[in-house]
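Commentary on secondary and tertiary structure
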Amino acid sequence: DALIVISGAKAKKRDFVYFTDVKNIPAKDLATMERLWNKFSNGKFGYSVQKRKWRQCKGDFEAFCRKIGWTATDGEIERKKRWF
């Protein structure tokens, strides 16, 4: 995955990117990813979209996860989705 590669050696070693790795990604690359993500999702996804939703949730991580679809409801139990 290109994002892992451009995030640095630690990200490559563990095979995923932490939010703290973002500082290692060149601004030009982040801007390109943002532009492409926004364009091909018709404005539904991207860093700016997540930032806006984070602010709407006033820093409440659980509310943020629900708002961006990172949770699934199983009966009365709400769980975080897993992609790995």
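In case you missed it, the structure is sitting above this.
Given the structure is predicted, the values throughout are model-derived calculations rather than measurements.

Digging into the layout of surface pockets
- Approximately 1500 Å³ is the volume found for the largest pocket.
- Lining the largest pocket are 32 residues, with Val17, Tyr18, Phe19, Gln50 and Trp70 positioned closest to its centre.
- Elements that contribute at least two residues to the lining of the largest pocket include exactly helix H1 (2-7), helix H3 (27-40), helix H4 (47-56) and helix H5 (61-67).
- Across the lining of the largest pocket, the residue classes tally to 21 nonpolar, three polar and eight charged.

Things to note about the packing of aromatic side chains
- A full pass over the atoms with the stated rule returns four aromatic pairs.
- When the ring of Phe64 is compared with that of Trp70, the centres are 5.7 Å apart and the planes differ by 80°; the resulting orientation is edge-to-face.
- Of the residues examined, Phe64 reaches a relative accessible area of 7% and is grouped as buried.
- One residue, Arg14, lies across the ring of Phe16, its end atom 5.3 Å from the ring centre.

About the thresholds
- Residues numbered from 1 in each chain as written.
- Predicted model: local features only at pLDDT ≥ 70, side-chain atom pairs only at ≥ 80, totals over all residues.
- Heavy atoms only, no water.
- 1 Å grid on protein atoms, 1.4 Å probe; cavity = no way out; pocket = protein on both sides within 12 Å on 5 of 7 lines; lining within 4 Å.
- Points joined across faces, edges and corners; volume = space filled by probe spheres on them.
- Helix = DSSP H or I, 4+ residues; strand = E, 2+ residues; numbered from the N terminus.
- Nonpolar A, V, L, I, M, F, W, Y, C, P; charged D, E, K, R; others polar.
- Phe/Tyr/Trp six-rings, centres within 6.5 Å; stacked < 30°, edge-to-face > 60°.
- Buried < 20%, exposed > 50% of the residue type's maximum accessible area, 1.4 Å probe, protein only.
- Lys NZ or Arg CZ within 6 Å of the ring centre and 35° of its normal.

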